[in-house]
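# Residue-level structural notes
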Amino acid sequence: RALTGETSVVGIRIWGLGREQSWFEDGTFEPFWPQAQALSVPVAIYAPNQAPLIGRLARRFPDLTLLLDHALVRVFETQRQPSPFEGWDDVLALAGLPNIYIKVSALPEATNERFPFPKAKQRLRQLYDRFGADRLIWGSNYPHTRRVCTYKEAVDFVRIACDFLTEEERAKILGKTLIRIL
């Protein structure tokens, strides 16, 4: 309630792009983090190449639930992208922090391939092997994802293409985990 004045807020989303990127380090967010943790408000963050900084944040506030949008992969054309997966190893290194969840949206876009998205499948498998299905959350990134696939294909990426997942793991990734943490 102190954050928003509303009692129906279930989460907050923050972008760490452009000028907002510095807010993670310049103290702008300092009053926010302890409030979000105290109120148990999950915070989704999209901040490509900021995994080490987010790791420090997760360690400082271990009871703050952090959802990393698009697995912190660069997917928007508003930025120069030498590689959408720059910093990927830093994202994988966050697996030891139990308050971090990965939103596995936009992987087909980042690999710029068509269904069944073999490279995106490899990336999702890496996340799955480190974080487990209990900490992965699917998202479509619709309408941006239309650049490479239909909405159905975006869902079928987890439902069909990622054949290493069990039915229960698919259910977790496609909604149960998000419902649990929100």
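So, here's what we can say about the structure. (Residues numbered from 1 in each chain as written. Predicted model: local features only at pLDDT ≥ 70, side-chain atom pairs only at ≥ 80, totals over all residues. Heavy atoms only, no water.)

### Side note on the sheet that holds strand S3 (residues 66–68)
Read from one edge of the open sheet, five strands run S1-S2-S3-S4-S5, paired in parallel fashion. Sheet topology places strand S1 (12–15) and strand S5 (136–137) at the edges, where each strand pairs with a single neighbour. Both strand S4 (residues 100–103) and S5 contribute to a ladder of two bridges, which runs parallel. What sits directly across from isoleucine 102, in S5, is leucine 136. The strands touched by helix H2 (residues 51–60) within the sheet are strand S2 (43–46), S3 and S4, with S3 carrying the most contacts at an inclination of about 165°. (Pairing = 2+ DSSP bridges. Helix = DSSP H or I, 4+ residues; strand = E, 2+ residues; numbered from the N terminus. Contact = heavy atoms within 4.5 Å. Axes fitted to C-alpha atoms, helices over the stretch in contact; angles between N-to-C directions.)

### What about the environment of tryptophan 15?
Among the structural elements, tryptophan 15 can be located in strand S1. Measuring from C-alpha to C-alpha, the distance between tryptophan 15 and glycine 96 comes to 23 Å, with 81 residues separating the pair along the chain. Leaving out residues up to four positions away in the same chain, tryptophan 15 has contacts with Glu20, Phe24, Tyr46 and Phe76.

### A few points about the state of the cysteines
Within this structure, the stated rule accounts for zero disulfides. Here cysteine 149 stays free of any disulfide, with the sulfur of cysteine 162 as its closest cysteine sulfur at 12 Å. Among the residues examined, cysteine 162 registers a relative accessible area of 0% and is labelled buried. (Disulfide = S-S within 2.5 Å. Buried < 20%, exposed > 50% of the residue type's maximum accessible area, 1.4 Å probe, protein only.)

### Here we look at helix H5 (residues 118–131)
With 14 residues, H5 should reach 20 Å at 1.5 Å per residue; the first-to-last C-alpha distance of 20 Å fits that figure. Taken together, the buried positions of H5 are occupied by Ala120, Leu124, Leu127, Tyr128 and Phe131. Down the axis, H5 shows its buried residues gathered within 100° of arc, on one side only. When the buried face of H5 is taken as reference, the exposed residues oriented beyond 90 degrees from it are Lys119 and Gln122. Glycine 132, located one to two residues past H5, shows a positive phi value of around 80°. (Expected span 1.5 Å × (residues − 1). Arc of directions from axis to C-beta.)

### Focus: the packing of H5 against helix H6 (residues 151–161)
Packing of H5 against H6 leaves a shortest axis separation of 11 Å and a crossing angle of 65°. As summarised for this structure, H5 and H6 are arranged roughly perpendicular, according to the angle between their axes. The handedness of the crossing between H5 and H6 comes out as right-handed. Facing Ala120, Lys121 and Leu124 of H5, the residues of H6 in contact are Phe157, Val158 and Ala161. Here the residues of the contact of H5 with H6 are counted per class, giving five nonpolar, no polar and one charged. (Parallel < 35°, antiparallel > 145°, perpendicular 65-115°, else oblique. Left-handed = near helix turned anticlockwise from the far one by under 90°. Nonpolar A, V, L, I, M, F, W, Y, C, P; charged D, E, K, R; others polar.)

### Quick look at the pairing of S1
As paired elements, S1 and S2 share four bridges and run parallel to each other. When the bridges of S2 are listed, isoleucine 12 appears paired with valine 43. Taken together, S1, helix H1 (residues 32–38) and S2 constitute a β-α-β crossover, and its handedness is right-handed. (Right-handed = clockwise from strand over helix to strand, strands pointing away.)

### Topic: the pattern of salt bridges
According to the stated counting rule, one finds ten salt bridges in the structure shown. Note that glutamate 30 and arginine 60 form a salt bridge whose closest N and O atoms lie 2.7 Å from each other. Here glutamate 30 is found in the loop between S1 and H1, whereas its partner arginine 60 is found in helix H2, with 30 residues between them in sequence. Take glutamate 30: its relative accessible area is 33%, and that puts it in the partly exposed class. Its salt-bridge partner being lysine 176, residue glutamate 168 comes within 3.5 Å of it at the nearest N-O pair. Among the residues examined, lysine 176 registers a relative accessible area of 45% and is labelled partly exposed. One network of salt bridges, in which partners are shared, links Arg13, Asp69 and Lys103. (Salt bridge = Lys/Arg side-chain N within 4 Å of Asp/Glu carboxyl O.)

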